[in-house]
Amino acid sequence: MSPKAKAIWFLYSVLWYVLLPLVMLRLAYRSRKAPAYGERVAERFGLFRYDSSKEAIWVHSVSVGETLAAAPLVKQLLKKYPECQVVVTTMTPTGSERVKALFGDSVFHVYAPYDFPIAVKRFYKKIRPKMAIIMETELWPNTLKIADQQHIPVVLANARLSERSAAGYKKVGFVSEEMLKCLTLIAAQNEPDAERFRSLGVSDQQLYVTGSIKFDVQIPDGLSEQAFQLRKCLGNDRDIFIAASTHEGEESQLLDLYQQLKRVLPELLLVIVPRHPERFRSVEQLIVRRGLSVARRSKGEACSDSTDVYLGDTMGEMMLMYQASDVVFMGGSLVEHGGHNPMEPAALGKPILTGTHTFNFDEIMKRMIESGSVKQIKNSIELMSEVQQLFTDGDLYQRMSKASIDVVKKNQGALSYLLELIDNELKR
């Protein structure tokens, strides 16, 4: 490591300690809206109880999206390596809730430590990982450096790197190059992602293009029956349009759209599922202020013929909501958030609409748009036209539905490839 890089790395670590009061204030601020942020704070500093009698395989998934993508991988690790304790970490309470709902006591869940050297070392000492598997792009300098010093192989799984992120890393290239050298292997989602990693100095010996494991989505047993019951609650005879994982600034646009669509689709029901639970209440208030009637999932409220909006204000039921709906709009794409994973509704054969801000899933969206399973809209006028067409043109609906299922099946296999790479590394 160059003297300049060493100096920057040292300053980075010092900065963590200097900013500790602000870190704690941020947690306190977030806990005002989402109280779970104020709980289990000690875990973020590597302080927790753990039975270290087994070696661990550590899987890190930041929040809900990464946790859902990692679920098939975690299930396979539990099956293939029963002698190991699978440790799954997240950074957010919503991610924590999904881990517990998906795996129960079959994995050990704890919050990942902040990137303080002391906290990271304490974490590694407790769980003794024989491998670390980091989902997508959650790269922390000290976490990687200390793993390298302790000879812990680190796999960056389902790796993606947007042009924006790559440009950011290049600004501190002398540090990012050293950090990326600490990765044992990178399983990139596609060749453009791999090329961006190469541009940052990653060697071909570290890099593999596996495809995206998000295509290896698994449909839970009993989903169809659960969706049948939910559909009865929503109204069997109604057209159901779901806006999934919405963000601030999107719900108001969607409510405007709904009020216009009702004139031509009087039986239309809008289902809104906000991305973050701390926004459930404010979204409900927004709906009421528009003079629209709303039923809340969390209260078990059924829809009447006059219900305008069904608010999906629960956690862990997104796939159920998709299955019970007809047409899907992927949130985070009308605003500059970058979109969300469209694989679950695609696997269920749902026609999918999205805005233009999909940089988190550029390559996946490109494939799906080309396949005809996704239509990308530029504004609310186009969205209105597409929704109306899908509910009135049965042939178009069937074509998009079939294309969704086909594109998922065609691109599956990344999980098997990734497991093979992991197995080879563990045997070394």
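Residues numbered from 1 in each chain as written. Predicted model: local features only at pLDDT ≥ 70, side-chain atom pairs only at ≥ 80, totals over all residues. Heavy atoms only, no water.

1. A word on empty space enclosed by the protein
With the rule as written, the count across this model stands at one cavity of 30 Å³ or more. Put simply, the largest cavity is a space of about 120 Å³. Forming the walls of the largest cavity are Trp16, Trp58, His60, Met91, Ala112, Pro113, Tyr114, Asp115, Ile134, Glu138, Trp140 and Thr143. Per-class residue counts for the lining of the largest cavity are eight nonpolar, two polar and two charged. (1 Å grid on protein atoms, 1.4 Å probe; cavity = no way out; pocket = protein on both sides within 12 Å on 5 of 7 lines; lining within 4 Å. Points joined across faces, edges and corners; volume = space filled by probe spheres on them. Nonpolar A, V, L, I, M, F, W, Y, C, P; charged D, E, K, R; others polar.)

2. Digging into a nonpolar patch on the surface
Where nonpolar side chains cluster on the molecular surface, the patch consists of Ile8, Phe10, Leu11, Val14, Leu15, Val18, Leu19, Leu22, Leu25 and Phe174 and spans about 910 Å² of accessible area. At the level of elements, α1 (3-18) and α2 (20-33) are the ones that each hand at least two residues to the nonpolar patch. Sort the elements by how many residues they give to the nonpolar patch and α1 lands first, with six residues. Summarising the element assignment, Val18 is placed in helix α1. Judged by its relative accessible area of 56%, Val18 is exposed. (Patch = residues over 30% accessible without salt bridge, like charges linked within 9 Å, V, L, I, M, F, W, Y side chains within 5 Å. Areas by Shrake-Rupley, 256 points an atom, 1.4 Å probe, with all protein chains shown as cover. Salt bridge = Lys/Arg side-chain N within 4 Å of Asp/Glu carboxyl O. Helix = DSSP H or I, 4+ residues; strand = E, 2+ residues; numbered from the N terminus. Buried < 20%, exposed > 50% of the residue type's maximum accessible area, 1.4 Å probe, protein only.)

3. Remarks on helix α18 (residues 414-426)
Here α18 contains 13 residues, and its C-alpha end-to-end distance of 18 Å stays within 8% of the 18 Å for a straight helix at 1.5 Å per residue. All buried positions along α18 are accounted for by Ala414, Leu415, Leu418, Leu419, Leu421, Ile422, Asp423, Glu425 and Leu426. In the core, the buried residues of α18 are packed alongside β1 (56-60), α3 (64-80), β4 (129-135), β5 (154-159), β6 (185-188) and β7 (207-209). (Expected span 1.5 Å × (residues − 1). Contact = heavy atoms within 4.5 Å.)

4. A short note on the pairing of strand β2 (residues 85-90)
For β2, the buried fraction is high: five of the six residues fall into the buried class. Inspection of the sheet shows β1 paired to β2 by five bridges, in the parallel sense. Note on β2: the bridge partner recorded for Ala56 is Gln85. Following the backbone out of β1, through α3 and into the adjacent parallel β2, one traces a crossover that is right-handed. Strand direction decides the pairing type here: β2 and strand β3 (residues 108-111), joined by four bridges, are parallel. Note that in β3 the partner of Val88 across the bridge is His109. In this fold, β2 hands off to helix α4 (residues 93-103), which returns the chain to β3; that crossover is right-handed. (Pairing = 2+ DSSP bridges. Right-handed = clockwise from strand over helix to strand, strands pointing away.)

5. Structural notes on the sheet that holds β7
The parallel open sheet is built from seven strands, whose spatial order is β3-β2-β1-β4-β5-β6-β7. If you trace the sheet from one side to the other, it starts and ends with β3 and β7, each paired once. Direction aside, the axes of adjacent strands within the sheet are offset by 20° on average. Along the sheet face, helix α9 (residues 191-199) touches β5, β6 and β7 and points at about 165° away from the line of β7. (Axes fitted to C-alpha atoms, helices over the stretch in contact; angles between N-to-C directions.)

6. With respect to the UniProt feature "site: Transition state stabilizer" (unreviewed entry) in the protein chain
Feature annotation in UniProt assigns "site: Transition state stabilizer" (unreviewed entry) to the following positions: Glu136 and Lys214. For the residues just named, distributed over 79 residues, the greatest C-alpha separation is only 10.9 Å, placing them together at one site. Note that Glu136 resides in the loop between β4 and α6 (141-149). For Glu136, a relative accessible area of 1% puts it in the buried group. Not counting chain neighbours up to four residues away, the residues in contact with Glu136 comprise Glu66, Ala69, Leu156, Ala157, Asn158, Ala159, Arg160, Gln189 and Lys214. In terms of polar contacts, Glu136 uses its side chain to reach the side chain of Arg160, at 2.7 Å. (UniProt positions renumbered as here; feature names shortened; annotations may be inferred. Polar contact = N/O pair within 3.5 Å; in protein donor to acceptor, adjacent residues only side chain to side chain.)

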